[in-house]
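# Results of the structural survey
Letter by letter, the chains look like this.
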Number of protein chains: 2
Amino acid sequence: MPVNLIAPAASDLHPVAGVRIGVAMAGIRKVNRKDLVVFALDEGAAVAGVFTRNRFCAAPVQLCREHLGAGQGIRALLINTGNANAGTGVDGLARARRSCDALARQMNIAPAQVLPFSTGVIMEPLPLDRLEAGLPAALHALDGNAWLDAAEGIMTTDTVAKAASRRVTIGDSEVHVTGIAKGAGMIRPDMATMLGFVATDAVIAPALLHELVSEAADESFNRITVDGDTSTNDSFILMATQRSAHARIESLGSPEGRALRETVLAVSIQLAQAIVRDGEGATKFITVRIEGGRDAGECRRVAYAIAHSPLVKTAFFASDPNLGRILAAVGYAGIADLDPDLIDLYLDDVHVARQGGRHPQYEEARGQRVMRQSEITVRVHLHRGAAASEVWTCDLSHDYVSINADYRS
Amino acid sequence: MPVNLIAPAASDLHPVAGVRIGVAMAGIRKVNRKDLVVFALDEGAAVAGVFTRNRFCAAPVQLCREHLGAGQGIRALLINTGNANAGTGVDGLARARRSCDALARQMNIAPAQVLPFSTGVIMEPLPLDRLEAGLPAALHALDGNAWLDAAEGIMTTDTVAKAASRRVTIGDSEVHVTGIAKGAGMIRPDMATMLGFVATDAVIAPALLHELVSEAADESFNRITVDGDTSTNDSFILMATQRSAHARIESLGSPEGRALRETVLAVSIQLAQAIVRDGEGATKFITVRIEGGRDAGECRRVAYAIAHSPLVKTAFFASDPNLGRILAAVGYAGIADLDPDLIDLYLDDVHVARQGGRHPQYEEARGQRVMRQSEITVRVHLHRGAAASEVWTCDLSHDYVSINADYRS
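Residues numbered from 1 in each chain as written. Chains lettered and ligands numbered in written order. Predicted model: local features only at pLDDT ≥ 70, side-chain atom pairs only at ≥ 80, totals over all residues.

## Remarks on the overall build of chain A
Counting its regular elements, chain A contains eleven helices and 16 strands. Here the C-alpha radius of gyration of chain A, 22 Å, is about what a compact globule of 409 residues would show, namely 22 Å. Expressed as lengths along the three principal axes of its C-alpha atoms, the size of chain A is roughly 70 × 55 × 40 Å. For chain A, the proportion of its 409 residues judged to be buried stands at 60%. Within chain A, counting contacts between residues at least 6 apart in sequence, those at least 24 apart form 81% of the total. (Helix = DSSP H or I, 4+ residues; strand = E, 2+ residues; numbered from the N terminus. Rg over C-alpha atoms; globule rule 2.2 N^0.38 Å. Buried ≥ 20, exposed ≤ 12 C-beta atoms within 10 Å, placed from the backbone. Contact = placed C-beta atoms within 7 Å.)

Given below as structure tokens:
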């Protein structure tokens, strides 16, 4: 039951000149399910990515880093669901390599021009034969208007396809930014989400793309958590096909650079929030905002302590304003010199705690009213400095347990 | 549904000379429920404690530290359930102080000779009138054989009373060690469990008691986790009444010191494991053992990453050997230079992963067989050094969500 999230119409997703997408049913794990997606990029596209910091990073993530470093110009993305090809050792890396070889052969490009991505069950061998057999159908389907298909093709436990698209005028030209993402569990990106792909036809110096993808990840996918589990496969890719007509952007600080930056961030944030709204078992979308910290790092640490607490998350599920649990999480967030007697806690506009204790005017009925909403902001003021940070999360429900207890069956 | 845990018979719990216990129903939160416990210690007892590192530590914890530091000789412990008196600010501290005053008056001792403990809902005012009204009944009931009553009197979401007792011969004298503990949720002690009280009639230099209580906490309550939430009220108290007849223990390294140390550790570990066995919604007792680390700290970090992962915990609940989730947790435990290609993973005696990937001889049926057991050991070898560490946890079930969604209703 996603929280205020519906799939976009295919017609709402702007095509991006220079990007064609093909989707197929390869039967990787289940039959009759879109599970193979190929992005084909025209020559000249710039591509940058950020990846999981999980030390057990998946074979395709290792290969993405290698191929992005090879500098041959990325021409294709190859994405499968149903199998993560993680925890698969040397054999997994060989299989990922062979999947790139197979696609490169059929597209007449070099293997290092392919970026591979996998998502699904960990520690099972990638069914290479089925993946390879699905490639011709995916290539045959290549189309600039297949973004919604692609969003559906990368879903695992997602219940809603996640896509976002914006148009912005840069110089005198129209520029498009369209992206898709997937992920519903094992979500606590430390670099990027499970999988996110954003493309733009903007014209931008390739070096700036690295800066932009890092910043976009930090402001979007690196601010969400469903269950605190950092995935082995997190990847976030930004592609710029350079096909629009405006003068090339040479600085993100220029008016044109800022316009593109804001649009990419807006698309990335919408996609990241969509992952939380469709978080496994989610019934509520919760913004945790920490203010008054010494630096953004400690604000984020406190925000994640709240956002990861199973006790806080079950209280939200129950719409029970058992808000002392939030104070407890603030207390164990690891700030050694935190003075609890200074803390303010707000639930939306309701002032719940002041100076570390229940606010004298706080009435439980007011907390109860906010807790029943489907969108809630928890705001904590630490009174230690001027920094602030925000993360987005969902509640912990029976369905989370059901989904993850039954995932493989 | 606790895992292989039943309450002991009252007759299995050795009384400890110099300790009397009185239990009453004060109606702190619910009526007709034992919720007030008084320990009365004869003069001359030595008492040491360790407490939560949560910065939002409860008012009674603050007062315990103050009273233990006052050096007047602790003569009483005052414990209530139903209200944690945490997140209650200055008013909470005043109420905790008045509760000590009230008991001190009735026992004709100084307020600083009383240690107060509270457990229950956070951020609600302690109902001091009801607590005070219950004191005469508790004092009237004082008895050396009331350990089981006390274990019942400190329960909140616990389903089984937790107590352990051992006898050991030191010199020519019999020495007794008896303890109780409570806690089922908000359990990830960073210093000690929610509440644990262990008493012995051993004769020991008071300075050694501090060392012993820290070591006992580190080997027992600091190794358990139910949900990763470090409570505001964790307290673990060790009392030595000095009433046995053996020569005073002046070193924990002497044969007598070692005998006492082992007995106190055994009682503490039994109590700590009882908390996990009765973890909210628990259906399985899981030992996570990490070997081959550079130091015990990094072993513990990896162990807790596994023990806190909701994905790992739901897989155990489902008896689903979806063991890649364990590798993923190892990967995000925060060891920057971990080499995943060296990792071994065992489930009891089954070798699941070797060199970071699925073991070639591993068959899922064998993993499945172990996953169905009620007691399971997860063993990971990091191949980085000679250190090892072990933590105990339980699975994450529907009942955990139900219990915490409905806790206050």
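## What about the sheet that holds strand S11 (residues 285-293) of chain A?
All names here are of chain A. Strands sit in the order S9-S16-S11-S15-S12-S13-S14 across an open sheet of seven strands; the sheet is mixed. The open sheet terminates on both sides in strands that have one partner only, identified here as strand S9 (224-225) and strand S14 (357-358). Bridge count for strand S12 (residues 344-347) against strand S13 (residues 350-354) is three bridges, and the pairing is antiparallel. From the neighbouring strand, Tyr346 faces S13, where its bridge partner is His351. (Pairing = 2+ DSSP bridges.)

## Structural notes on the sheet that holds strand S15 (residues 375-381) of chain B
Here seven strands make up an open sheet; going across it, the order is S9-S16-S11-S15-S12-S13-S14 (chain B) and the pairing mixed. Whereas interior strands pair on both sides, the edge strands pair on one side only; in this sheet they are strand S9 (224-225) and strand S14 (357-358) of chain B.

## Notes on the interface of chain A and chain B
Between chain A and chain B, the residue contacts involve 55 residues of the former and 56 residues of the latter. Residue assignment for the side of chain A that touches chain B shows that the elements contributing at least two residues are helix H2 (89-107), helix H8 (310-317), helix H9 (324-331), S14 and helix H11 (398-405) of chain A. Here the element with the most residues in the side of chain A that touches chain B is H9 of chain A; it accounts for six residues. Per-class residue counts for the side of chain A that touches chain B are 23 nonpolar, 21 polar and eleven charged. (Nonpolar A, V, L, I, M, F, W, Y, C, P; charged D, E, K, R; others polar.)

## A word on the domain arrangement of chain A
Residues and elements named next belong to chain A. Along its sequence, chain A is carved into domain 1 (10-277) and domain 2 (285-405). Across the boundary between the two partners, domain 1 contributes ten residues, which contact eleven residues of domain 2. Within the residue set of the side of domain 1 that touches domain 2, elements represented by two or more residues are S9 and helix H6 (255-277). The leading source of residues in the side of domain 1 that touches domain 2 is H6, at three residues. A breakdown of the residues in the side of domain 1 that touches domain 2 according to their chemical character gives three nonpolar, five polar and two charged. (Domains from an automatic or database assignment.)

## Topic: the environment of Gly69 of chain B
Along the chain, Gly69 of chain B falls in helix H1 (residues 59-70). Taking the C-alpha atoms as reference points, Gly69 of chain B and Gly279 of chain B, 210 residues apart in sequence, are found 33 Å from one another.

## Some details on the relation of the copies chain A and chain B
Superposition of chain A onto chain B requires a rotation of 180 degrees combined with a translation of 0.0 Å along the rotation axis, giving an RMSD of 0.0 Å. The operation mapping one copy onto its partner corresponds to a two-fold rotation axis. Every residue of chain A has its C-alpha some distance from the rotation axis, and the shortest such distance is that of His398 of chain A, at 2.8 Å. Of the interface residues in chain A, 100% have counterparts in chain B that sit at the interface too, so the contact is made through matching surfaces. (Least-squares fit on C-alpha atoms with pLDDT ≥ 70 in both.)

## Concerning the pairing of strand S3 (residues 46-51) of chain A
Side chains on a regular strand alternate between the two faces of the sheet. Residue and element names in this part refer to chain A. In terms of burial, S3 is largely enclosed, as six of its six residues are buried. The two faces of S3 match: Ala46, Ala48 and Val50 on one face and Val47, Gly49 and Phe51 on the other face are all buried. Here six bridges tie S3 to strand S10 (residues 235-240), and the two strands are oriented antiparallel to one another. Directly across from Ala46, in S10, lies its bridge partner Ala240.

## Regarding the nonpolar core
Ranked by internal contacts, the top residues of the largest apolar core, which has 277 residues, are Ile306 and Val330 of chain A together with Leu238, Ile306 and Val330 of chain B. Contacts of Ile306 of chain B, omitting those with residues within four sequence positions, involve Val288, Val312, Ile326, Ala329, Val330 and Val378 of chain B. (Core = buried A, V, L, I, M, F, W, Y, C linked by C-beta atoms within 7 Å.)

## What to know about the pairing of strand S8 (residues 195-200) of chain B
Residues and elements named next belong to chain B. Buried residues dominate S8, accounting for six of its six residues. In S8, alternate side chains face the same way, and those of Leu195, Phe197 and Ala199 on one face and Gly196, Val198 and Thr200 on the other are all buried. Bridge count between strand S7 (residues 173-182) and S8: six bridges; the pairing is antiparallel. Paired with Ala181 across the strands is Gly196, a residue of S8. Alignment of S8 against strand S10 (residues 235-240), held across six bridges, turns out to be parallel.

## Remarks on unusual backbone geometry
For residues that are not glycine, phi is negative in most cases, and the peptide bond is trans in most cases. For Ser319 of chain A, which is not glycine, the phi torsion reads 55 degrees and is therefore positive. With respect to the secondary-structure elements, Ser319 of chain A resides in the loop between H8 and H9. The phi torsion at Asn85 of chain B lies on the positive side, around 45 degrees, for a residue other than glycine. Within the secondary structure, Asn85 of chain B is located in the loop between strand S4 (76-83) and helix H2 (89-107).

## What about the environment of Ser374 of chain A?
Residues and elements named next belong to chain A. Note on placement: Ser374 falls in the loop between helix H10 (364-371) and strand S15 (375-381). Residue classification places Ser374 among the partly exposed positions, given that 13 C-beta atoms sit within 10 Å. On a C-alpha basis, the gap between Ser374 and Ile122 in space is 33 Å, while along the polypeptide they are 252 residues apart. Aside from chain neighbours lying at most four places away, what touches Ser374 is Val3, Asn4, Lys284 and Phe285.

## A few points about helix H7 (residues 296-308) of chain A
Residue and element names in this part refer to chain A. Given a rise of 1.5 Å per residue, 13 residues ought to cover 18 Å, and the 18 Å separating the end C-alpha atoms of H7 matches this to within 8%. In terms of burial, H7 is a largely internal element, ten of the 13 residues being buried. Every buried residue belonging to H7 is among Glu298, Cys299, Arg300, Val302, Ala303, Tyr304, Ala305, Ile306, Ala307 and His308, and all of these are buried. Lining the buried residues of H7 we find S9, S11, H8, H9, S15 and strand S16 (387-394). (Expected span 1.5 Å × (residues − 1).)

## Considering the packing of H11 of chain A against helix H8 (residues 310-317) of chain B
Running from amino to carboxyl end, H11 of chain A crosses H8 of chain B at an angle of 70 degrees, the nearest separation of the two axes being 8 Å. On the basis of the axis angle, H11 of chain A is roughly perpendicular to H8 of chain B. On H8 of chain B, the residues that touch Val401, Asn404 and Ala405 of chain A of H11 of chain A are Leu311, Thr314 and Phe317 of chain B. Residue classes in the contact of H11 of chain A with H8 of chain B are distributed as four nonpolar, two polar and no charged. (Axes fitted to C-alpha atoms, helices over the stretch in contact; angles between N-to-C directions. Parallel < 35°, antiparallel > 145°, perpendicular 65-115°, else oblique.)

## Some thoughts on the environment of Ile224 of chain A
All names here are of chain A. Of note, Ile224 is situated in strand S9. Given 25 C-beta atoms within 10 Å, Ile224 falls into the buried group. For Ile224 and Gly134, which are 90 residues apart along the polypeptide, the C-alpha to C-alpha distance reads 33 Å.

## Notes on the packing of helix H5 (residues 206-219) of chain A against H6 of chain A
All names here are of chain A. Following both chains from N to C, one finds H5 and H6 inclined at 40 degrees, their axes separated by 9 Å at the closest point. As summarised for this structure, H5 and H6 are arranged oblique, according to the angle between their axes. The hand of the H5/H6 crossing is right-handed. On the side of H5, the interface is formed by Leu212, Ala216 and Glu219, while H6 contributes Arg261, Val264, Leu265, Ser268 and Ile269. A per-class count over the contact of H5 with H6 returns five nonpolar, one polar and two charged. (Left-handed = near helix turned anticlockwise from the far one by under 90°.)

## Digging into H5 of chain A
Residues and elements named next belong to chain A. Between the first and last C-alpha of H5 there are 20 Å, a value that for 14 residues agrees with the 20 Å anticipated at 1.5 Å per step. The set of residues buried in H5 consists of Leu208, Leu209, Leu212, Val213, Ala216 and Ala217. Down the axis of H5, the buried set is contained in an arc of 165 degrees. They therefore lie on one face. Buried-residue contacts for H5 involve S3, S10 and H6. (Arc of directions from axis to C-beta.)

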